[in-house]
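A look at the structure
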Amino acid sequence: MKVSFSVRQLGWMLWVVGGLNALLWLDALDNYLEARFEWSLSSYWPGDWFEPSRRMANAVKHLTSHIGRHDPEAERVQTQPGPTPKPAPPAMSLPLQALPAGAFWPSLAFQQLTPGPQRILFAGDSMMQGIAPLAIRELSLKHPEWQMTDLSKQSTGLTSRKYFDWPRTIQQEIQAQNLTLVVVFLGPNDPRDMYLPDRRVSFGKPEWLENYAARVDEILGFAVQNQVRVIWLGLPAMRDEPLQRGAVVSNHVFYDRAQAFGTDYLSTEPLIGLVSLPFKKSMPDDHGRPLNLRGEDGTHFTPAGLHKIKQALVAHIEKAQPQ
Amino acid sequence: MSFVSPEFALLSLLFFPVYWQLVNRPQLQRTVMLLSGYGLYATWSLSFAAVLWAYSVGIWALGGWLSRQKKERLPMTLALMLCVSFLVFFKYYEFIRASLSAGLVSLGFQSSLPILDVVTPVGVSFFTFQAVTYLVMAARQPSQVRGLPDVLLFLCFWPTLFAGPILRADKFFAQLDAGTTGRPLDVSLALYWIVLGAAQKLIFATWLGDTIVDPVFKYPEQQGGLTLLAAMVGYSLQIVLDFGGYTLIVTGLARLLGYELPVNFRQPYLARNLQDFWTRWHVSLSSFIRDYIYIPLGGNRLGFTRTQCNVVVGMLISGLWHGPSWTFVVWGLLHGFGVVALNLYKQARGPALPAWAGHKLTLLFVTLAWVFFRADSLTAALDLLQGLWTNAHGFWPADSAQVTQLGVFTVIFGVMCRHAVRLQRWAVAGLQTMSPWTATGVLALLIYLVIAWGPSGVPGFIYYRF
């Protein structure tokens, strides 16, 4: 018997299919909405409502792990990080003070690498996705015995831990790979409200800054405790106003925490564009000719921009080698 | 907003029932369609929507002007130059500036072209080509020239706005005039296409990209020869599943809106030669190139040599259309010279190859050419190809599990391609015999599985870049 669905039937069929899947994926939907729109269902609805979908998703994940579906996050070593150390250095001083036009947080180079082959992790968002392959290629040519891992993942940051938890991931990798150096480059996904277990904290508020700095501290504290060096790359100027405001805040936090923990901060501002000045796509090259450094979106980089940052990063790492 | 995002799914649940309720009020329904197109486009950027609106008004005005001209050739050339200069400015200015600057500097001169801070509107290559079809129609059939609302709808028709298929103005307006739009067409087929397209994109194309292709194209120097080869084959499969999946989804959505879209894929990897491939791959683009570039250049009417030149020019434009990069230029030229080689072989009356040999040779050529399409630079593409025979890591990888998985997947894919029509007939017939409740349950389960086996987050479509 051949049946053709009427428009009315089709209407409710779509609603039922959509509604059922929304219910069955409620926990994942909540994570998505929080990461994408800074809007969390779980802050309004009881936690029990999300449990069935969470359990079902775990069961499906477990099942798919037996039939060969690649899940990089599941494959990652599931070592439990030790207790997060209390950050010994002083807490961040608040409120932040804006730098005058033309000023920027300079690079910090406190650390020396341990002698011998390095085991390096490159972590971050799409900013790192551009840099890591170039840096790894050049370092591999110079030091074929070094082991380097690129875990960069776009759309990630420190604000939304539900979507991707960088402090936990980096701690796991430090233990699993016995790393000697971690390079971090992230931030454009961070200027957004933060969801804590019991409340939402608006971007830029003192409480947001405290929590953001605490997440940076989790990474730096764990690394320092395990004698792992860290190079944290600062952000350059951004075309989008919210991202530019975010870069001002992030750079201040990254610089302050690196200084407090005695780790390194590599400023990209003088290379690409100062956050305290209006955005510009280009800068003069060595011959005074304009060089286009930024991608069309005003956030990412052209090959020339990537090359400049890669050169600075590789030079920084080379300098940190024991003589 | 992506067509595979939760927010699009939610908006669809609200939009479609309202849209279908307006079936007896076509003008209002088209207005809703138009507003939804601009709304969707504005989710990328409000300024993009403003640019598209201004561009559409310009195309409408040019169409009106063309329809009033007594002579066709000169006004049409002027109008097309204006129309395409928009695309050139937004998409190719920086490429032209950088290439010119590098060329002049190497000769000891300075380039005075400034670096501009402009952003290319999403889908510009697609709606510019659609605008070309409208202007040509207006010049050749002045009676077919349309009012502003129709032109706005044509250039902002959201199922095709972001990545095609490229609509032809005459075909689109014929559907509007026939009054067949507005109510769903072949619902079972539309739903089958949407689910199949989502599975192709979210499960298979993403798996290929994440595990087989991206890590290798990112770090080719760390891979052995077989892994490089696997990545090349993997990309051939990824791009057809990604773009083919996208096309299935939008074609299904358009059918739910009551519109038929042009065919974009006819199992391209079953092609027996390169010419055959181009009648199966991205058909809406290749037929556009044929009708609006190759034939106006003279097609095959001006002798053998001129025909081959026209082929190469057409393929070069097809390559450049994808993006302002030398990799796309090389990809287009490779295909152009490939077709010329095939024509020379036929001209020399070389012996006809068995069908299986032609098929395998075509697959090999297309797979090699995709390396240039996928690579970040010409150097990266050449390095990867060189790694196939000169490789410090040898040919066989230590762990061949992924290569084996790809091999199994390739065989299954090949079988599915050969039986795609039969499978479609079977699935649609199955859906049609189900009660609405059973069909709802099956669809809900399939979508659950697609999400379960898909990636976290919303993956981008390869052709959104173009």
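Everything numeric here is computed off the predicted structure, so don't read it as measured data.

Let us look at the overall build of chain A. Counting its secondary structure elements, chain A contains ten helices and nine strands. For chain A, the spread of C-alpha atoms along the principal axes amounts to about 80 × 45 × 40 Å. Sequence separation of at least 24 residues holds for 73% of the intrachain contacts in chain A that already meet a minimum separation of 6. Carbon and sulfur atoms make up 57% of the accessible area of chain A, which totals about 15,200 Å².

It is worth spelling out the overall build of chain B at this point. What chain B contains, in helices and strands, is 19 helices and zero strands. Taking 23 Å as the expected radius of gyration for a compact globule of 466 residues, we find that chain B reaches 23 Å, a close match to that expectation. In terms of overall dimensions, chain B has a C-alpha envelope of 65 × 65 × 50 Å along the principal axes. Looking at chain B as a whole, 54% of its 466 residues are labelled buried.

Here the focus is the pairing of strand β6 (residues 229-233) of chain A. Residue and element names in this part refer to chain A. Most of β6 sits inside the fold, with four of its five residues counted as buried. Sheet analysis places strand β3 (residues 181-185) next to β6, joined by four bridges and oriented parallel. What sits directly across from V184, in β6, is W232. Sheet analysis places β6 next to strand β7 (residues 264-266), joined by three bridges and oriented parallel. Each bridged residue has a counterpart across the sheet, and for W232 the counterpart in β7 is Y265.

As a further point, take the sheet that holds β7(A). Residues and elements named next belong to chain A. The parallel open sheet is built from five strands, whose spatial order is β2-β1-β3-β6-β7. Unpaired on one side and paired on the other, β2 (147-150) and β7 mark the two borders of the sheet. The sheet shows a mean angle of 20 degrees between the axes of neighbouring strands, direction not considered. Where strand β1 (residues 119-124) meets β3, five bridges bridge the pair, whose relative direction is parallel.

Across the boundary between the two partners, chain B contributes 53 residues, which contact 51 residues of chain A. For the pairing of chain B and chain A, the buried interface totals around 4,300 Å² over both sides, and the portion due to carbon and sulfur atoms is 64%. Here chain B and chain A share four salt bridges between them. Across the pair R137(A) and E221(B) runs a salt bridge, and its minimum N-O distance is 3.1 Å. At the junction of chain B and chain A, the tally comes to 13 residue pairs in polar contact (both at pLDDT 80 or more). If you list the elements that add at least two residues to the side of chain B that touches chain A, you get α1 (6-21), α4 (73-106), α9 (187-218), α18 (420-432) and α19 (436-453) of chain B. At eleven residues, α19(B) tops the list of elements feeding residues into the side of chain B that touches chain A. Classifying every residue of the side of chain B that touches chain A gives 33 nonpolar, 14 polar and six charged.

Residue and element names in this part refer to chain A. Within the fold, R192 resides in the loop between β3 and β4 (194-196). No salt bridge is formed by the buried R192; its nearest oppositely charged neighbour, E38, is found at 4.7 Å. Among the polar contacts made by the side chain of R192, one reaches the main-chain carbonyl oxygen of E34 at a distance of 3.4 Å. Polar side-chain contacts of R192 include one of 3.3 Å to the backbone oxygen of N189. The contact partners of R192, leaving out residues within four places of it in the chain, are E34, A35, R36, F37, E38, T159, F203 and W208.

A separate point is the confidence of the model for chain A. On average, residues of chain A score 88 in pLDDT, and 90% of them are at 70 or above. Contacts of residues 70-83 of chain A to residues separated by more than four positions or lying in other chains number 27 contacts, the stretch itself having pLDDT below 50.

Turning our attention to the pattern of salt bridges. All names here are of chain A. The tally for this structure, following the rule as stated, stands at 30 salt bridges over all chains. For the salt bridge of R161 with D165, the shortest nitrogen-to-oxygen distance reads 3.1 Å. Linked through salt bridges whose partners overlap, the residues forming this network are D27, E51, R54 and R55.

Let us now look at unusual backbone geometry. Here the bond from G164(B) into P165(B) is cis, since omega is 5 degrees, no more than 30 degrees from zero. Turning to its location among the elements, P165(B) is positioned in the loop between α7 (158-161) and α8 (169-178). Of note, the phi angle at N178(A) is positive, near 50 degrees, even though the residue is not glycine. Its identity as a non-glycine residue notwithstanding, Q267(B) has a phi of 45 degrees, on the positive side. Within the secondary structure layout, Q267(B) lies in the loop between α10 (225-257) and α11 (274-277).

All names here are of chain A. Mapping L313 onto the fold places it in helix α10 (residues 303-319). What makes L313 buried here is its relative accessible area of 0%. Residues L313 and T268 lie 45 residues apart in sequence; the distance between their C-alpha atoms is 9.4 Å. Discounting residues that sit within four places of it in the chain, L313 has contacts with F122, I131, A135, V183, I231, L233 and L266.

Residues and elements named next belong to chain A. For α10, with 17 residues, the first-to-last C-alpha span of 24 Å sits near the 24 Å given by 1.5 Å per residue. Along α10, the residues classified as buried are G305, L306, I309, K310, A312, L313, V314, H316 and I317. On its buried side, α10 packs onto β1, α5 (126-142), β3, β6, β7 and α9 (269-272).

Counted at 1.5 Å a residue, the expected span for α5(A) with its 17 residues is 24 Å, and the 25 Å between its end C-alpha atoms agrees. Considered for burial, the residues of α5(A) that qualify are M127(A), M128(A), I131(A), A132(A), P133(A), A135(A), I136(A) and L139(A). Taken together, the buried residues of α5(A) touch β1, β2, β3 and α10 of chain A together with α9 of chain B. The N-cap residue of α5(A) is D125(A): its side-chain oxygen and the backbone nitrogen of M127(A) are 2.9 Å apart.

Cut-off values and rules
Residues numbered from 1 in each chain as written. Chains lettered and ligands numbered in written order. Predicted model: local features only at pLDDT ≥ 70, side-chain atom pairs only at ≥ 80, totals over all residues. Heavy atoms only, no water. Helix = DSSP H or I, 4+ residues; strand = E, 2+ residues; numbered from the N terminus. Contact = heavy atoms within 4.5 Å. Areas by Shrake-Rupley, 256 points an atom, 1.4 Å probe, with all protein chains shown as cover. Rg over C-alpha atoms; globule rule 2.2 N^0.38 Å. Buried < 20%, exposed > 50% of the residue type's maximum accessible area, 1.4 Å probe, protein only. Pairing = 2+ DSSP bridges. Axes fitted to C-alpha atoms, helices over the stretch in contact; angles between N-to-C directions. Buried area = accessible area lost by both parts, 1.4 Å probe. Salt bridge = Lys/Arg side-chain N within 4 Å of Asp/Glu carboxyl O. Polar contact = N/O pair within 3.5 Å; in protein donor to acceptor, adjacent residues only side chain to side chain. Nonpolar A, V, L, I, M, F, W, Y, C, P; charged D, E, K, R; others polar. Lys, Arg positive; Asp, Glu negative; His and termini not counted. pLDDT = per-residue confidence, 0-100. Expected span 1.5 Å × (residues − 1).

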